Amino acid sequence: MVPDAAPWGVPTGDVLARVHREEHSRLLATLVRRFGDLELAEDAAQEAMEAALRTWPERGVPQQPLAWLITTARRSALDRVRRDAIYARRLAELHLDERHQPEDPQDPRSPADAGMLAQGDLPDDRLAMLMGCCHPALAPADRIALMLRFVGSLSTAEVAAALLVPVPTMAARITRAKKRIATNRIPLTVPEDPHEREHRLPLVLTAISLVFTEGYAATSGDAPIRRELTGEAIRLARITRQLLPATAEPQGLLALLLLTEARSPAREDADGVPIALEDQDRSRWDPDLITEGLALVEEAAGREDAGRFTVQAAIAALHSQAPRFEDTDWAQIVSLYSMLLMHGEDPVVRMNRAIAIGRRDGPESGLTLLEELSGEPGLAGHHPYYVALALFLTEIGDRTAAERAWDRALELAGNTAERRFIERRRAG
């Protein structure tokens, strides 16, 4: 009987979906390093995934799924190089030898692939892609889009949601950036010059934070938290801090992610519906992550180059230190949001500052500031803005306006769990 399940009893389709979620960026980064071409690597990775869909249900899931995918993708890329004149020179440059290909991708081990796997497990492959996507020849908006798409493994729609732009605009942006990389032969590598690494660092950190945000507050699907994304973002933040240990911002970002992740055990109920910060059981917050995060933010805040991620981590630290929601130091949080705005204009930061002022001074004060942001394009499709409006409007007794805000929040929420959360809050 042909096996149709993994050795550990998980259906083949579920295993492939999990491998795609958790390992696609790893596969892609390994292929980019091996072949030096993003388009080729992306096509080969896709063909390997399609081969797995055809093969695994018949032959069973291999013991090393990622190794199988790397071997299959490598074969696909080699075939493309050999038959396509555009890649002919690259074959010679890479010294690729077909004798190193294994006969059966169920057994992916060979001298060539063993080297790929050994190096592919190193974190620098994906960090190289992060740094490479921040090449100066790429437009700033394109850089983050590429990092989210190819290192964070977000779909184009998810990237668009993370960056608050329409999906067609994002698709065009990603296509344009890929063409520019190919035309200019931009290397997707970590720059050797330490000054260049520092120059590209802010966009790298922003991309990592957006990957985490998409995982922590998923914009699509059924689950409110996508742990493969939050875990990947934390891992990349740790790598970046290791690469630049004397720089404050990688440390501040890691602190921010850890302090936020610490709330995850209390962030959803038994039905998978998110729980508001004020209603969370804080005894369920992860004390180890909080301890690590607090130590990191304290050290980062003492450095001269501390910036916006360190400030955001300080805000998260104040939340984590409050025994109850009522004990939150809103005055200090407002000050920190004001400080954060000194590092750059951001409508979401202004929104959060308005909410904090509403908590400090009363709902009328917060509502006034939120209404001043009604014309911000960056908030027009941001459902948390309308949730905040609805809550303050409810608190001051304007139920008609609150209902309109709730309607808009429900219309914009792309995640099933978030819609259920909104409906519950609306019901009171």
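This structure is a prediction, so every number in the text was calculated from the model and none was measured.

So, how was this worked out
- Sequence positions are assigned chain by chain, starting from 1 and proceeding in written order.
- Local features are withheld for residues below a pLDDT of 70 in this predicted model, meaning they are given only at 70 or higher, and side-chain atom pairs are given and counted only at 80 or more; totals for whole chains, interfaces and linings count all residues.
- Only hydrogens and water are set aside when side-chain values are computed; all heavy atoms of the structure are taken into account.
- Helix numbers and strand numbers start at the N terminus; a helix is a DSSP run of H or I with at least 4 residues, a strand a run of E with at least 2.
- Accessibility here uses a 1.4 Å probe with only protein chains present; expressed as a share of the type maximum, an area under 20% marks a residue as buried, one over 50% as exposed, and anything in between as partly exposed.
- Here, two residues are considered to be in contact whenever any of their heavy atoms come within 4.5 Å of each other.
- Note on areas: Shrake-Rupley with a 1.4 Å probe; residue coverage comes only from the protein chains shown.
- Note on aromatic contacts: the rings of Phe and Tyr and the six-membered ring of Trp form a pair at centre separations within 6.5 Å, being stacked when their planes are under 30 degrees apart, edge-to-face when over 60 apart, and tilted otherwise.
- Residues enter a nonpolar core if they are buried and are Ala, Val, Leu, Ile, Met, Phe, Trp, Tyr or Cys, with the set joined through side-chain atoms within 4.5 Å.
- Axis angles are defined between N-to-C directions and span 0 to 180 degrees, where every axis is a line fitted to C-alpha atoms and, for a helix, only to the segment in contact.
- Between 65 and 115 degrees an angle is taken as roughly perpendicular, under 35 as roughly parallel, over 145 as roughly antiparallel, and anywhere else as oblique.
- Each residue gets one of three labels, nonpolar for Ala, Val, Leu, Ile, Met, Phe, Trp, Tyr, Cys and Pro, charged for Asp, Glu, Lys and Arg, and polar for the others, Gly among them.
- In this scheme the crossing of two helices becomes right-handed for a clockwise turn of the near helix relative to the far one and left-handed for an anticlockwise turn of less than a right angle.
- For the purpose of counting charges, residues Lys and Arg are taken to be positive, whereas Asp and Glu are taken to be negative. His and the chain ends are not included.
- Think of a salt bridge as a Lys or Arg side-chain nitrogen and an Asp or Glu carboxyl oxygen that are within 4 Å of each other.
- Only a pair of cysteine sulfur atoms within 2.5 Å qualifies as a disulfide here.

## Some points on the overall build of the chain
Broken down by element type, the chain carries 21 helices and zero strands. Considering the chain as a whole, with its 428 residues, one finds that 52% of them fall into the buried category. Relative to all contacts within the chain whose residues are 6 or more apart in sequence, the contacts with residues 24 or more apart total 65%. In the form shown here, the chain has an accessible surface area of approximately 19700 Å², with 51% of it arising from carbon and sulfur atoms.

## A word on unusual backbone geometry
The phi dihedral of R185 is positive, around 50°, even though this residue is not glycine. Considering the arrangement of structural elements, one finds R185 in the loop between helix 9 (167-184) and helix 10 (194-216). For R185, a relative accessible area of 54% puts it in the exposed group.

## Regarding the environment of A17
Note that A17 resides in helix 1 (residues 12-35). Judged by relative accessible area, A17 falls into the partly exposed class, the value being 34%. Put simply, A17 and M49 are 32 residues apart on the chain and 9.6 Å apart in space, counted from C-alpha to C-alpha.

## Observations concerning the packing of aromatic side chains
Tallied over the entire structure, the rule returns four aromatic pairs. Arranged with centres 5.6 Å apart and planes meeting at 15°, the rings of F212 and Y216 form a pair that is stacked. Residue F212 and its partner Y216 are located together in helix 10, separated by four residues, close to a single helical turn. In terms of burial, F212 and Y216 fall into one category: buried.

## Here we look at the nonpolar core
One finds L27, L69, M129, M147 and I208 to be the most contacted residues of the largest nonpolar core, which totals 100 residues. Leaving out residues up to four positions away in the same chain, M129 has contacts with L28, A29, V32, L38, F150, V151 and L188. Grouped together as the second largest cluster of nonpolar side chains are 26 residues, L389, A413, F421 and I422 included.

## Re the side chain of S209
Tracing the backbone shows S209 in helix 10. On the basis of relative accessible area, S209 is assigned to the buried category, the value being 12%. With residues up to four places along the chain from it excluded, the contact list for S209 reads L253 and F309.

## A closer look at the packing of helix 8 (residues 156-163) against helix 9
Describing two packed helices takes the angle between their axes plus the distance from one axis to the other. Two elements in contact, helix 8 and helix 9, have axes whose closest approach is 9 Å; the angle formed by their N-to-C orientations is 110°. The orientation of helix 8 relative to helix 9 falls into the category roughly perpendicular. Counted together, T156, A157, V159, A160 and L163 of helix 8 and V167, M170, A171, R173 and I174 of helix 9 form the full contact between these two elements. Of the residues that constitute the contact of helix 8 with helix 9, the class distribution is eight nonpolar, one polar and one charged.

## With respect to the packing of helix 19 (residues 383-395) against helix 20 (residues 399-412)
The contact between helix 19 and helix 20 brings their axes to 8 Å, and the two run at 160°. Taken together, the axis directions place helix 19 and helix 20 in an arrangement best described as roughly antiparallel. Regarding helix 19 and helix 20, the two cross each other, and that crossing is left-handed. For the pair helix 19 and helix 20, the contacting residues are H383, Y386, V387, L389, A390, L391, L393 and T394 in the first and R399, A401, A402, A405, W406, R408, A409 and L412 in the second. Each residue belonging to the contact of helix 19 with helix 20 can be placed in one class, and the counts come to twelve nonpolar, two polar and two charged.

## A closer look at the environment of V159
If you trace the backbone, V159 turns up in helix 8. Taking the C-alpha atoms as reference, V159 lies 7.4 Å from M170; in sequence the two are eleven residues apart.

## Some words on the side chain of R263
Tracing the chain through its elements places R263 in the loop between helix 12 (248-261) and helix 13 (287-301). One buried charged residue, R263, remains without a salt bridge, the closest side chain of opposite sign being E278 at 9.6 Å.

## Focus on the state of the cysteines
Applying the stated criterion across every chain yields a total of zero disulfides. Between C133, a free cysteine, and C134, which holds the nearest cysteine sulfur, the sulfur-to-sulfur gap is 7.0 Å. Judged by its relative accessible area of 0%, C133 is buried. Judged by relative accessible area, which is 2%, C134 ranks as buried.

## Looking at the pattern of salt bridges
With the rule as written, the count across this model stands at 20 salt bridges. Across the pair D327 and R324 runs a salt bridge, and its minimum N-O distance is 3.0 Å. One salt bridge in this structure joins R408 and E411, with 3.0 Å as the shortest N-O distance. Here the residue R408 and the residue E411 both occupy positions in helix 20, the gap between them amounting to three residues, near one helical turn. Given the relative accessible area of 26%, R408 is considered partly exposed. The exposed category is assigned to E411, whose relative accessible area is 59%. Among the ionic contacts, a cluster of salt bridges with common partners joins E278, R359, E395 and R425.

By themselves, these observations are geometric and do not establish any function.
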